[in-house]
Every structure is written in C-alpha cells, then in structure tokens.
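Coordinates in review
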Amino acid sequence: MSAPVKDPALRLDFVQPGIARITFDMPGSRANTLNQGVQSEFENILTQLEATPNLQGLIFCSGKPGMFIAGADLKELASVTPPSPPLPGGEGRPDARALTLRGLRFIARFEKLPCPTVVLIDGGCMGGGLEMALAFDYRLAGTNPKTEIGLPETKIGLIPGWGGTQRLPRLIGPSIAAEMICAGEAAKAQRARAIGMVWDVVPSAKMLDEGLRLLAWSRESGEWQKIRTKKQQPIGLSEDQHQYTFGVLKGQVLAKTKGQFPAPLAAIEAIAKGCNLTLEEGLKVETDHFIPLIGSTISRNLIALFFMGQRLAKDTGVADAAVQPKDVNRVGVIGAGIMGAGIAGAMVRKGVHATMIDVAPELLAKGVAAITKVIQTRIDIGRATQTELASAAALLNTTSNYGQLADREVIIEAVVENEGVKTKLYRELQTILSPDAILASNTSTISITRMAEAVKNPANFAGLHFFNPVDRMQLVEVIRGEKTSDQTVATLVALAKKAGKTPIVVKDCPGFLVNRILFPYLNEAMVLLEEGVEPRAIDKAASEFGMPMGPITLSDVVGLDTAVYAGEVVNRAFADRAQETKILGALVAAGRLGQKSGAGFYSYAKGLRGADDPALLPFLEKCRTGKRTIDAEEIRDRLFLPMLVEASLVLSEGIVRDPSDVDMGLILGIGFPTQHGGLLRRADNVGMSNILTLLAKYEALGKRFQPTPQMRKMVASSKGFFPA
Ligand code: NAI
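Now for a quick tour of the structure. In this text, all values refer to a predicted model and were calculated from it rather than measured experimentally.

What counts as what
- Residues numbered from 1 in each chain as written.
- Predicted model: local features only at pLDDT ≥ 70, side-chain atom pairs only at ≥ 80, totals over all residues.
- Heavy atoms only, no water.
- Helix = DSSP H or I, 4+ residues; strand = E, 2+ residues; numbered from the N terminus.
- Rg over C-alpha atoms; globule rule 2.2 N^0.38 Å.
- Buried < 20%, exposed > 50% of the residue type's maximum accessible area, 1.4 Å probe, protein only.
- Contact = heavy atoms within 4.5 Å.
- Lys, Arg positive; Asp, Glu negative; His and termini not counted.
- Charge placed at Lys NZ, Arg CZ, Asp CG, Glu CD.
- Phe/Tyr/Trp six-rings, centres within 6.5 Å; stacked < 30°, edge-to-face > 60°.
- Lys NZ or Arg CZ within 6 Å of the ring centre and 35° of its normal.
- Salt bridge = Lys/Arg side-chain N within 4 Å of Asp/Glu carboxyl O.
- Near = heavy atom within 4 Å.
- Polar contact = N/O pair within 3.5 Å; in protein donor to acceptor, adjacent residues only side chain to side chain.
- Nonpolar A, V, L, I, M, F, W, Y, C, P; charged D, E, K, R; others polar.
- Expected span 1.5 Å × (residues − 1).
- Pairing = 2+ DSSP bridges.
- Axes fitted to C-alpha atoms, helices over the stretch in contact; angles between N-to-C directions.
- Core = buried A, V, L, I, M, F, W, Y, C linked by side-chain atoms within 4.5 Å.
- Domains from an automatic or database assignment.

Re the overall build of the protein
Looking only at helices and strands, the protein has 30 helices and 20 strands in total. Taken over the C-alpha trace, the protein has a radius of gyration of 29 Å; the compact-globule value for 724 residues is 27 Å, and the two agree within 12%. Along the first, second and third principal axes, the C-alpha set of the protein runs to 85 × 60 × 55 Å. A burial count over the protein gives 54% of its 724 residues as buried. Taking the intrachain contacts of the protein between residues at least 6 apart in sequence as the baseline, contacts between residues at least 24 apart amount to 74%. In the protein, 81 side chains carry a positive charge and 75 a negative one; their mean positions are 1 Å apart.

Quick notes on the packing of aromatic side chains
Summed over the entire model, instances satisfying the criterion amount to 18 aromatic pairs. Judged by centre distance (5.5 Å) and plane angle (75 degrees), the ring pair of Phe306 and Phe307 falls under edge-to-face. With a relative accessible area of 38%, Phe306 lands in the partly exposed category. Judged by its relative accessible area of 26%, Phe307 is partly exposed. Among the aromatic residues, ring-to-ring pairing joins Phe24, Phe42, Phe60, Phe68, Phe106, Phe110, Phe136 and Trp162 into one connected group. Above the face of the Tyr602 ring, Arg536 is positioned so that its terminal group lies 4.1 Å from the ring centre. Over the aromatic face of Phe722 sits the side chain of Arg681, whose NZ or CZ is 3.9 Å from the ring centroid.

Here's the deal with the pattern of salt bridges
Under the definition given, this model contains 40 salt bridges. Close ionic contact of Glu419 with Arg450 constitutes a salt bridge, the shortest N to O distance being 2.8 Å. Of the two residues, Glu419 is situated in helix H17 (residues 419-429) and Arg450 in helix H18 (residues 448-451); the sequence distance between them amounts to 31 residues. Judged by relative accessible area, which is 27%, Glu419 ranks as partly exposed. Taking relative accessible area as the criterion, Arg450 reaches 44% and is therefore assigned partly exposed. A salt bridge links Glu634 to Arg638, with the shortest nitrogen-to-oxygen separation between them at 3.0 Å. Pair noted here: Glu634 and Arg638 are both in helix H26 (residues 632-652), with a separation of 4 residues, about one helical turn. Take Arg638: its relative accessible area is 0%, and that puts it in the buried class. Put simply, Arg516, Asp576, Arg577, Glu646, Glu653 and Lys703 are held in one network by salt bridges that share partners.

Things to note about the site of the ligand
Met339, Asp358, Tyr402, Glu417 and Lys422 are the nearest of the 20 residues found near the ligand. At 3.1 Å, a backbone N or O of Ile338 approaches an oxygen atom of the ligand. Here an oxygen atom of the ligand sits 2.4 Å away from a polar atom, N or O, in the side chain of Glu417. Each residue belonging to the shell around the ligand can be placed in one class, and the counts come to 10 nonpolar, 7 polar and 3 charged.

Focus: helix H13 (residues 297-314)
Along an α-helix, residues three or four positions apart point the same way, because every turn accommodates 3.6 residues. End to end, H13 covers 26 Å across 18 residues, agreeing with the expected 26 Å (1.5 Å per residue, within 8%). What H13 keeps buried is the set Ile298, Ser299, Asn301, Leu302, Ile303, Ala304, Leu305, Met308 and Leu312.

Re the sheet that holds strand S9 (residues 138-142)
With respect to topology, 6 strands assemble into an open sheet ordered S1-S2-S4-S7-S9-S12, the strand pairing being mixed. Single-partner strands in this sheet number two, and they are strand S1 (10-16) and strand S12 (200-202). Averaged over all pairs of adjacent strands, the angle between their axes in this sheet comes to 25 degrees, without regard to strand direction. Here strand S2 (residues 19-24) runs beside strand S4 (residues 57-62); their pairing, made up of 6 bridges, is parallel. Looking at the pairing, Phe24 lines up with Ser62 of S4.

Considerations on the nonpolar core
Ranked by internal contacts, the top residues of the largest apolar core, which has 98 residues, are Phe601 and Val662. In terms of residues, this core owes the most to one element, H26, which gives 11 residues. Counting the residues that make up this core, at least three belong to each of domain 2 (330-508) and domain 3 (515-717). Among all residues touching Phe601, those that are not within four sequence positions of it are Met526, Leu529, Ile552, Ser555, Asp556, Leu560, Ile583, Leu584, Leu587, Arg592, Asp613 and Leu616. In this structure, Leu46, Leu113, Ala133 and Ala267 belong to the second largest nonpolar core, which totals 72 residues.

A short note on the sheet that holds strand S10 (residues 148-150)
To summarise the sheet geometry, strands pair through backbone hydrogen bonds and adopt either a parallel or an antiparallel arrangement. Reading across from one edge, S5-S8-S10-S11 is the order of the 4 strands in this open sheet, with mixed pairing throughout. Of all the strands in the sheet, the pair left with one neighbour each is strand S5 (67-69) and strand S11 (186-188). Pairs of neighbouring strands in the sheet enclose a mean axial angle of 15 degrees, with direction left out of account. Relative to S10, strand S8 (residues 124-126) runs parallel, the two sharing 3 bridges. Counted as the bridge partner of Cys125 is Ile149 from S10.

Encoded structure:
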C-alpha cells in the first residue's frame, strides 16, 4: 500500500459494521474536482475495501454542503494536453490514453465490489463526478436546490471519456442520454428522477438514513446484482430503432452546430456504436472517440473560454482590492424605449427595484408591455413561472415625475441617442438625485468623458452599455470616463452581475470595445462589395468561419441608418484606418434601411430572412469601383485582419485590461465563434508571424492592414496575446 496522503481529499469510515462510507472533501477548495492525486486516493481506498472481509455496503458522499463533484480538474486536463495541435496518433496521445484508461479502471472497480453501493448526490454532480456515480448501483439525489446532474464535456470540446457515453444510455435510454450529452445540459433532482438517472430524491438532511435503508433492502432482495448484470449487457436496439434514433439526433446536432463542433457528433458515434455491444466493448469504442479530442485546438479553445468566463465572474472591474462595490437595490431607468424597457426588465427579474421614466404615459405602457412579454415568453417555454412574473411586476413602477428618482442608488439613462438631449437631462437631474447616486448612460456612441462635464460629480458618472435585445444579450460594457471613480466602476460591475449579465470594463473611446472592433469588419464588407463581390459571397465567407450571420445581413438587421451613424463616429475617430464607401449612404437615402423598412441589401418583403433583391443592382453598379472576383479565403482574411489590427490597438492603448476582455467581448457581443476561442486566441493559434505574412499580402489596401508595433514585438519575442 502507498504512503498516506498529506492533506487527503477522501475519508473512509464505517457508519455501521460492514457499511463503509467514502466522504469527498477537497481541502482548501469550494469544489471537489477529480485530479490525479484524488484518483490515487480512490485507488488506495478501493484496495482497502477489496481486502475488507464481510463488506456489506458502500456509501459515497461529499463533505461539502451543496456540492458533490464539479468534474475533472480542468487546469490539470489543460496541462496534460499537448501544446500544439496533435497529429493523428501523434505526440501527446499515449499520455492521454494512459490517463483515460486509469480513470476507467478505478471507476470499474466500484462495479466489482462484493456488496451494493450507493451515491448520495446533494449539489452539483458534473462530468467525471457523474461518470463515477454511474458505476454505483444506486444514486440518491438530495433536495438541495443546487443539486444538478449532467455531463457537460461537449461544452469543452470533449465527450465523456470515463464511461459516460456507455453507462448513461444503459440507465436512461440512448436517445435521452445522447440528447443530454450533446447539449451538455444538466438535470435538476426531480427531472433526474423522472428520467431514471437517480433512484429517488430525498431530503438533504436524511440522505444517509435513506442510503442505509436502500442498501439493506437491496442486500435482502439481491436487486443490486441484477442491476450489475444488466448494465454489462448490450442495450439491443433493433436496426430500425438504431437508424431512426441516431439519424434524427445527428441531423439535429448538425443543424445546430453547422458541423463546426466535432464533439457532439463524436458522442453520438460512441453511443450509437456502443449501445449494441457489451459494456466492456462499448468502453473501448468510447475511448477511441475520446482520445482524438483531447488537446484538439477546439477543445483547448473552449477550455480557455471557460477560464476567461471564470476570470470575468471574479473580476471586480478595478485593480484596487480595497474598493468595495455598493450593493444596489433601487435603480431608476430613464427612457422606456427598446433599451430602457429591456434594462428595467433585466433589473426587476433579478430582484432589483426599478423606477422607469418616460415623457408620456403611452410610452411607459409600451415599455411595461415589452417587459411583460419577455417574462411571458419565458413562462410559455417553461423557463419562468407566474410567481416570477408577479414579483417582477411588484418591483417595477413607472412615472413621469423625476422627483421619484431622489432615493435611487443608480440611475441608468436610455433616452434617444442625442448628446444635447442627454446632457440637458443630466443638468436637470443634478438637483434631484442623491449626492452619492451613480448616473450611467446607455449611449452606444457618445463620449462618456465629454458628457461627464454636464454633471456635478463626474466621479459618479459612467457608461453602462447594454446590448440589444437586453433579455438575450449577456454582455454589458462598463465605460470608464476620465474622471469615473473606482467605486463607481466596481458598483456598476456588481450591479450588472446582479442583473445576470457579464460586465467588461472599457476605457472611454469611440465605439468603446465591441463596436470599435466590429466597425472595421463592417467597413471592409462594404469595401469588398464596391470592389465587385456579391453580398451573398461575403456573408457566406463569414458564416463559414462560424459567425452567426454575415456582415451584410448584420447591417440589414442593425438598420443601415444606424450603421451609417455609428460607423461615422468610429470611422471619423480612426480615419487613417477607415475606408470611405458610398453604398450605405446611397441605400439609406433611398429609404432602404434594412430589415425594419422591408429592404436593405436584401429584401424582407416575404419575412425576416433576407432574399436576394434585383433592385439592389443599380445601387451596387453606381458605387462599384471594380468587378473583381475574390475568393472566399481573401474575403475571410479581409474581414478579420482589420478587426485584429484594431483589437491590438485597443489592447496597446489600455482600453481593456486583459486580452480575454477582447475575446469575451466579441464572443458575447457579436457572436464571434467560440470554436476559435476568440479573435486574439485565434491569432495566437495561427501564429503572429503567419498573421504578419497575411497582412503583408494586403498592405497596399491601406493602414488597416498594417501590423501594429505590438504585433511586430510579438513576432520578435515569439510571444502571443496570451501566455503560452
Ligand atoms: P428608443 O427610441 O427606443 O427609446 C428612447 C426613449 O427615451 C423613448 O421612449 C423616448 O420617449 C424616451 N425619452 C426621450 N427623451 C426623454 C427624456 N428627456 N426623459 C425621459 N424619456 C425620454 O431608443 P433606444 O433604442 O432604446 O436607445 C436608447 C439609448 O440606448 C440610446 O442612447 C441608444 O444609443 C442606446 N443603445 C441602443 C441600442 C439599440 O440597439 N437600440 C443598443 C445599445 C445602446
């Protein structure tokens, strides 16, 4: 037997004669995760149990309230993966295989213990945690609301590799299991029972008693042996069932992922091939599908994304750890339009009292109706309840009387995008607001530093830029003006999180973070159009790269008038890199404003999906400077390289504090494809010297294709945006 571990995560004791209990409680951590050290401890305990005479039962539980097992230790997983994309059968694979087999082996040993076994799951039970639990004869879920059970591996570009693709289908059926694994979604306790993932749901405080009762009953009845025998056998789907089940699933996954994410498809393959084999053979199939995904570029990108999300979740928004955000419970929202109503709705849904103001009662009524509609839609799809609607309604009040803002801790202004209107309003508010209230503007284009001149205390003034539609867009840019205080920034960051959003702190500059980097992309799309490329070809190149829609469609959706207006702000500020084009102005002048007016680049006469429109041709012909055929690769490079140059400048100017702010901002703000890990991480993957070679190809087109000093330095020092 190996030497005792210093700070053990596992404890073995006997709760009754012959009834062993393993308690998992990782020292110094809020979560239990599965790493190599913990596996060694499991192996030691298993050896002990295997040598215990007259073992009557085994209970496995967590020592942490509301937390069972969070899954594999992702830091360790990321470090065992090879540093460069692995070649088939190449470098790094043997390690990954050895590691996988080790996990499979120790988990299978639970299935061979000579007594019934039960897991008590009270809290999150994810990934490897569930895969372990599946090797037990019984699972009991606790009533703790944090109890959630699932296999989220596909979300990090992997499949469950410790038996999840084989044992879960045997337990709940291949179809539901595959759906859960492909979506990476977890089930709450009651649903877990309904689909047969757990034996029962019992009060958290009574789990041990219930576990003991279950063990005694199973020992008497011998049921545990039947469970084990059945689990080892093939599920036995008929050929028709097999073809139908997996054909439909594959179609659904392809429709959702457009074939850009290999993990869900690999999971379906592993389940499909394994379900008519014995468990042992099935596990081999799983391993064969699992290994190639470990260390793949997509998986590494998705794991990095997970860590970027964690960083933002912990980020207070300021460097000074002594700054404490104020807990905000009462906000005022001025403007009940698209954005104001969205923001007030987000606040009341999360328990923050909101007073919404507009100039006329009918506008307020429209705002309230919009808020109600969002919650009602969620009720219709089973994501909210009538009670939530009632409590949100109770937290919302509307008025035209600014006096009612006197007790508000934060006031968010979302009136029309007009600097004069906004600053006049701020001046009027100065005598009404409490002296320490924070005033924040939802402006998308106006300088926060300049507007701060209209308020008495610019330290308490900032931008709070929500994205449209507020109920679906997670990103909020917290814009720091020159005089905005740390306290204000930290409080707005905390408030945005309270409203369920992901805030990113951005220094005031034209376009802030997301629009500043988006506009070079939209601008280049217009340049390409005028050089002779067809709108569809541009959209296709962007979609194939993974963007949710191409830049031409995006312009139509945003509204061409808005694109012209916001584009001017950014393009004027960065005139050396912007390229003047005529097409947008010409379309707007003709009343073609995009989706909202029925036509823009495409026609929307027959619905929200844009159709090719012959009426566009005369506009294009008038604005075109050429009729060059440009291939998809050049279109893609031309769209994304100017974004990268701008992003590098944003970083160099200290507009954001970390490269992951850029990547997360673009992922959450414009749907930049997660499989690439983000704009900057993709550049790191491609390699900066390769990027410079690409830029050199387009150098003649202008400064937007000129490498920044930061990029040149990276090549010289062989560094990337992120540490290796
Ligand atoms: P909107 O036109 O839908 O709503 C503005 C509302 O403000 C109107 O109901 C208007 O009656 C009201 N209003 C005007 N002056 C007022 C005053 N003095 N007191 C009270 N209410 C007043 O505009 P939207 O789209 O909601 O935009 C609001 C702000 O949000 C603008 O600054 C805009 O740039 C920004 N924004 C807009 C986004 C969008 O996609 N619509 C996205 C992000 C920011």
